[in-house]
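Chain and residue survey
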Amino acid sequence: RISIPNSCCFREMKTYGDKVYIVDYSSIVESSDNGTTWNRLPGRVDELSDIAVSSNGTLIITSNNTGVYTSSDNGNTFNSVASLNNGFFGLVETT
């Protein structure tokens, strides 16, 4: 059972190992204790739409306004890997 934090615009939830990630429009929160406590990741990307976690733990997020980003430092920073001028990204999946 997972307790979900209050969020006005809950978009997506993914799990990886003992971690749970939740995305809203402007931030990502993470829990490693089944939702008892949540930490907001410091990396910022606006208009978030989706999140995935690769097999090596890299976070992959999509933004409705700007494209696809990855983070290999637990969400402290995000690097752009695909740009989008006008459009929509969503539904990221990894294998």
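See above for the structure.
Below or above, wherever it landed, is the structure these notes cover. Worth saying up front: this structure is predicted, and the values here are computed from it rather than measured. (Residues numbered from 1 in each chain as written. Predicted model: local features only at pLDDT ≥ 70, side-chain atom pairs only at ≥ 80, totals over all residues. Heavy atoms only, no water.)

A closer look at the sheet that holds strand 6 (residues 59-63)
Quick note on the threshold: At least two bridges found by DSSP between two strands are what make those strands a pair. Numbering of helices and strands starts at the N terminus; helices are DSSP runs of H or I of at least 4 residues and strands are runs of E of at least 2. Simply put, an axis is a line fit to the C-alpha atoms, just over the touching stretch for a helix, and the angle between two N-to-C directions goes from 0 to 180 degrees.
Taken together, four strands build an open sheet; the order of strands is 5-6-7-8 and the sheet is antiparallel. One side of each edge strand has no neighbouring strand; the edge strands of this open sheet are strand 5 (48-53) and strand 8 (79-83). Averaged over all neighbouring strand pairs, the angle between strand axes comes to 20 degrees, with direction disregarded. Taken together, the four bridges between strand 7 (residues 67-71) and strand 8 define a ladder with antiparallel strand orientation. Paired with T70 across the two strands is N79, which belongs to strand 8.

Notes on the pairing of strand 6
Stated precisely, the cut-off is as follows: Think of it in three bands: with a 1.4 Å probe and only protein chains considered, a residue is buried below 20% of the maximum accessible area for its type, exposed above 50%, and partly exposed in between.
Counting buried positions along strand 6 gives five out of five residues, so the element sits mostly inside the fold. Judged by which residues are buried, strand 6 turns out to be covered on both faces: L59, I61 and S63 on one side and I60 and T62 on the other are all buried. Pairing analysis gives five bridges linking strand 5 to strand 6, with the strands arranged antiparallel. Its bridge partner being in strand 6, I51 is matched across the sheet by I61. Turn length for the strand 5-strand 6 hairpin, with the two strands adjacent in sequence and antiparallel, is five residues, and the turn residue G57 shows positive phi of about 90 degrees. Here strand 6 runs beside strand 7; their pairing, made up of five bridges, is antiparallel. Considered in strand 7, the bridge of I61 is made with Y69. Counting the residues between successive antiparallel strands, the hairpin from strand 6 to strand 7 contains three residues.

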